[in-house]
Amino acid sequence: IIKRKGGNKKGFSHGDGFYVDHDLDRVLEWSIQDKATKKESPMLHVILVYRVKRAEFRDDHPGVNLTTNQDFEFPKVVTHFRNGESDVYLKKTLSKYHFIEGPWSAGPWNGRSRGTARASPLEDTYQLCLKSDKSMQFFNRHLEAVLYFEYQSPVVPKNSRKGNR
C-alpha cells in the first residue's frame, strides 16, 4: 500500500488514505465506478484481499468509528475531507488516529466548490480508511490474495446518444 496514492477529496481522506471494505460486491463497484467510465478499452483492476484479526489490529492502532464515536459527527468529518481538509482544527485532531471507519457516504457532492460537499451515511455499508503508515504496514503483512480482472465499460454508440437522432 502506498499512502500518497490515495484519491483526493474522498469521504474519509484527502490524498492520504487506503480504503478497505468487507463486501466484495461493493469493492468491485467502487473499483470500476470512476476508472472505467472514461475508457473504451478494457482496464486492468486489482483487488487486494487481507485476513486481519480485528482485535489484533485495534490493540495497536487507535482509530475513529464514525458510527459509535460521539466526538466526531459523520457529516462534519466527510465534508471536511471532501472539501480538501478545510477545517484546520479537525485536521489536527484526526491526524493522531491510524484509521477512520464508518458507512459509505452519500452525496450530494460538488468537489469543485468549497463548502458544497455534504454527506449522509449510506445504510448497510462499511468502509475502513487506513490513514497511518503503521496501519498500512500491518495490513501489508496480512495480505491473503491478489485478484486481477479486466473491465470494459459499456460504450454507447455516438448516434444513439440523446440529441443525436
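Remember, predicted model here, so these are calculated numbers, not experimental data.

Visitor: Tell me about the overall build of the protein, and please be specific about residues and values.
Guide: In terms of regular secondary structure, the protein is built from 5 helices and 8 strands. Counted from the first residue to the last, the protein has its helices and strands arranged as β-α-β-α-β-α-α-β-β-β-β-α-β. The burial tally for the protein puts 35% of its 165 residues in the buried class. When contacts within the protein are restricted to residue pairs at least 6 apart in sequence, those whose partners lie at least 24 apart make up 72%.

Visitor: Break down the environment of His80 for me, citing the residues and quoting the values.
Guide: With respect to the secondary-structure elements, His80 resides in helix H3 (residues 74-82). Using a relative accessible area of 3% as the deciding quantity, one classes His80 as buried. In the structure, His80 is positioned 68 residues away from Phe12 in sequence and 8.6 Å away in space, judged by C-alpha atoms. Each residue touching His80, except ones within four places of it in the same chain, is listed here: Glu85, Ser86, Asp87, Leu90, Lys91 and Leu94.

Visitor: Give me the side chain of Ser135: which residues, what numbers.
Guide: Assignment of secondary structure puts Ser135 in helix H5 (residues 133-140). In this structure Ser135 touches Phe57, His61, His98 and Leu130, once residues within four positions along its chain are discounted.

Visitor: Provide a residue-level description of the sheet that holds strand E4 (residues 99-102), including the pertinent values.
Guide: Pairing is mixed across the open sheet formed by 4 strands, whose spatial order is E1-E7-E4-E3. The sheet is open, and its two borders are formed by strand E1 (18-20) and strand E3 (63-65), each paired with just one other strand. Recorded for the sheet is a direction-independent mean angle of 15° between the axes of neighbouring strands. Pairing analysis gives 3 bridges linking E1 to strand E7 (residues 127-130), with the strands arranged antiparallel. Residue pairing across strands places Phe18 opposite Leu130, the latter belonging to E7. Contacts between H5 and the sheet are confined to E1 and E7, with E7 contributing the most and set at about 115° to the helix.

Visitor: Which residues make up unusual backbone geometry, and what values go with them?
Guide: Phi at Asp124 is positive, roughly 60°, even though this residue is not glycine. Within the element layout of this structure, Asp124 appears in the loop between strand E6 (120-121) and E7.

Visitor: Lay out the environment of Leu44 with the relevant residues and their values.
Guide: Take Leu44: it is sitting in strand E2 (residues 43-50). Separated by 12 residues in the primary sequence, Leu44 and Ile32 place their C-alpha atoms 9.9 Å from one another. Apart from residues lying up to four places away in sequence, Leu44 is in contact with Tyr148, Phe149 and Glu150.

Visitor: An account of the pairing of E4 is needed here, citing residue identities and associated values.
Guide: In E4, alternate side chains face the same way, and those of Phe99 and Glu101 on one face and Ile100 and Gly102 on the other are all buried. With 3 bridges connecting them, E3 and E4 associate as parallel partners. When the sheet's bridge partners are listed, Asn65 is paired in E4 with Glu101. Relative to E7, E4 runs antiparallel, the two sharing 4 bridges. What sits directly across from Ile100, in E7, is Cys129.

Visitor: I'd like a description of the packing of aromatic side chains, backed by residues and values.
Guide: Applying the stated rule across the entire model yields 6 aromatic pairs. Where Phe57 meets Phe99, the ring centres are 5.1 Å apart and the plane angle is 40°; that geometry is what we call tilted. Taken together, the residues span a long stretch of sequence, with Phe57 in helix H2 (residues 54-60) and Phe99 in strand E4 at a distance of 42 residues. Accessibility assignment for this pair places Phe57 and Phe99 in one class, buried.

Scoring rules and cut-offs
- Residues numbered from 1 in each chain as written.
- Predicted model: local features only at pLDDT ≥ 70, side-chain atom pairs only at ≥ 80, totals over all residues.
- Heavy atoms only, no water.
- Helix = DSSP H or I, 4+ residues; strand = E, 2+ residues; numbered from the N terminus.
- Buried < 20%, exposed > 50% of the residue type's maximum accessible area, 1.4 Å probe, protein only.
- Contact = heavy atoms within 4.5 Å.
- Pairing = 2+ DSSP bridges.
- Axes fitted to C-alpha atoms, helices over the stretch in contact; angles between N-to-C directions.
- Phe/Tyr/Trp six-rings, centres within 6.5 Å; stacked < 30°, edge-to-face > 60°.

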